[in-house]
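Given next are the chains, with one letter for each unit.
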Amino acid sequence: MEKFWSYFYEIYEDIPRQGPGDRESTERALRMLPPLTSGQRILDIGCGSGTQTIDLAGVTAAQIVAVDSHQAFVTELVKRIVDHGLGSRIQTKVGDMNDLVFPDGSFDAIWCEGAIVIITGFAKGLASWRRLLRPGGHMVVSELCWLRDAPPPEVKTFFEAEGADVTDVYSRQKAIVANGYRLVGDFVLPAVGWWDNYYVPLAESLARFKAKHADDPDALAVAQRSQFEIDIYRKYPEHFGYVFFVMKRDETWCAAHA
Ligand SMILES: C[S@@+](CC[C@H](N)C(=O)[O-])C[C@H]1O[C@@H](n2cnc3c(N)ncnc32)[C@H](O)[C@@H]1O
């Protein structure tokens, strides 16, 4: 398994973002929130090498704390922070999203692009991170959803094997309300966020990786897994996608009656 992760990170450290996304969608979600001003704080969970972190700093005036469990991604983000002269605005932390040791009410907004799946359950992420928001604070996540009924078995099997809990948008909306939030709005990430920003650089990274490890079957198997992911999106783009959910912490909610 250790070998798997070492190859996996070699592939994903070589690309500008570690999941589908785009600046326009980050900004679109931000426009659904009241402006985040200089005294306010955003927590960016599973920030990766921080493309959306830098975008958030560009479009808001808030202070940002960006957390990821993988040191090399955080190191890359630190370089970008220096390059953009954002040292006074963004603080980075290597940490585990399952154990975020910040006091209750520390943040005005929580941001999580493409990473809530890791906490193993959209609802679990919403429930456990809620305490970190100040009353009335906002949560923005992008999460994989079925966009049509009856997903193709090939796609379903792939995501199940990956441990991803994929459901339809309506089920996510119900989970949002059940876990103490009001839905402000949602929208589907456009295809540009998958291709131009993610799968095109990933395919280039895979080509370099395969050339370097041409004689190593274990390495080639890791590359094949990523290639398969690209292939199923190419084949079935209308069946699944990332949906941005913009939520506001609901102060009338009572966990006991949810
Ligand atoms: C799909 S990537 C998304 C990265 C980034 N938000 C983006 O959209 O480019 C998921 C990120 O979650 C991080 N991650 C995985 N497990 C984690 C954990 N337990 N705690 C914090 N981050 C974690 C990975 O290192 C990776 O950077």
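About the cut-offs
Residues numbered from 1 in each chain as written. Predicted model: local features only at pLDDT ≥ 70, side-chain atom pairs only at ≥ 80, totals over all residues. Axes fitted to C-alpha atoms, helices over the stretch in contact; angles between N-to-C directions. Helix = DSSP H or I, 4+ residues; strand = E, 2+ residues; numbered from the N terminus. Parallel < 35°, antiparallel > 145°, perpendicular 65-115°, else oblique. Left-handed = near helix turned anticlockwise from the far one by under 90°. Contact = placed C-beta atoms within 7 Å. Nonpolar A, V, L, I, M, F, W, Y, C, P; charged D, E, K, R; others polar. Near = placed C-beta within 6 Å. Pairing = 2+ DSSP bridges. Right-handed = clockwise from strand over helix to strand, strands pointing away. Buried ≥ 20, exposed ≤ 12 C-beta atoms within 10 Å, placed from the backbone. Expected span 1.5 Å × (residues − 1). Arc of directions from axis to C-beta.

A.B. asks: How do you make sense of the packing of helix α8 (residues 191–212) against helix α9 (residues 217–235) when you look at a structure like this?
C.D. replies: Each packed pair of helices is defined by two parameters, the angle between the axes and the distance between the axes. Contact geometry of α8 with α9 gives a least axis separation of 10 Å together with a crossing angle of 155°. Regarding the angle of α8 to α9, the classification is roughly antiparallel. The interaxial crossing formed by α8 with α9 has left-handed handedness. Contacts between α8 and α9 involve Trp194, Tyr199, Leu202, Ala203, Leu206, Phe209 and Lys210 on the former and, on the latter, Leu220, Ala223, Ser226, Gln227, Ile230 and Tyr233. When grouped by side-chain class, the residues that make up the contact of α8 with α9 number ten nonpolar, two polar and one charged.

A.B. asks: It is not clear to me how the packing of helix α1 (residues 2–12) against α9 should be interpreted in this structure. Could you clarify?
C.D. replies: Closest axis-to-axis distance for the α1/α9 pair is 9 Å, and the angle between their directions is 55°. Classified by the angle their axes make, α1 and α9 are oblique. Handedness of the crossing formed by α1 with α9: right-handed. Touching Lys3, Phe4, Tyr7, Phe8 and Ile11 of α1 are Asp218, Ala219, Val222, Ala223 and Ser226, all from α9.

A.B. asks: Is there a simple way to think about the site of the ligand in this case?
C.D. replies: As a structural note, the neighbourhood of the ligand is formed by 21 residues, with Arg17, Gly19, Gly46, Gly48 and Met97 the closest of them. If you list the elements that add at least two residues to the shell around the ligand, you get α3 (51–59) and β2 (63–68). Here the shell around the ligand is composed, by residue class, of six nonpolar, eleven polar and four charged.

A.B. asks: Sorry if this is basic, but what is going on with the pairing of strand β3 (residues 90–94) here?
C.D. replies: Where β2 meets β3, five bridges bridge the pair, whose relative direction is parallel. Opposite Asp68, over in β3, you have Val94 as the bridge partner. Handedness of the β2-helix α4 (residues 71–83)-β3 crossover: right-handed.

A.B. asks: Explain the environment of Thr51 to me, please; I cannot follow it from the model alone.
C.D. replies: Tracing the backbone shows Thr51 in helix α3. Overall, the presence of 23 C-beta atoms within 10 Å leaves Thr51 in the buried class. Note: C-alpha distance between Thr51 and Ile230 (179 residues apart in sequence) is 20 Å. In this structure, Thr51 is in contact with Pro16, Arg17 and Gly21, ignoring residues within four places of it in sequence.

A.B. asks: Can you help me understand α9 in this one?
C.D. replies: An α-helical segment advances 3.6 residues per turn. Residues three or four places apart therefore align on the same side. For α9, with 19 residues, the first-to-last C-alpha span of 26 Å sits near the 27 Å given by 1.5 Å per residue. For α9, the complete set of buried residues consists of Ala219, Val222 and Ala223. The arc that holds every buried residue of α9, seen down its axis, measures 95°, which confines them to one face. Residues of α9 that are exposed and angled more than 90 degrees away from the buried face: Pro217, Asp218, Ala221, Phe228 and Lys235.

A.B. asks: What's the story with helix α2 (residues 23–30) in this structure? I'm lost.
C.D. replies: Within α2, burial applies to Ser25, Thr26, Ala29 and Leu30. On an axial view of α2, the arc spanned by its buried residues comes to 140°, and they lie on one face. Looking at the buried positions of α2, the neighbouring elements they touch are α3, β5 (133–146), α8 and β8 (240–249).

A.B. asks: Help me understand unusual backbone geometry, please; the structure alone is not making it clear to me.
C.D. replies: Glycine aside, negative phi is the norm for most residues, and most peptide bonds take the trans geometry. A positive phi angle, close to 60°, is found at Thr120, a residue other than glycine. As for its placement among the helices and strands, Thr120 is situated in the loop between β4 (107–113) and α5 (122–129). Its 12 C-beta neighbours within 10 Å are what place Thr120 among the exposed residues. The phi torsion at Ala150 lies on the positive side, around 50°, for a residue other than glycine. Structurally, Ala150 is set in the loop between β5 and α6 (153–161). Looking at Ala150, the number of C-beta atoms within 10 Å reads 8, which means it is exposed.

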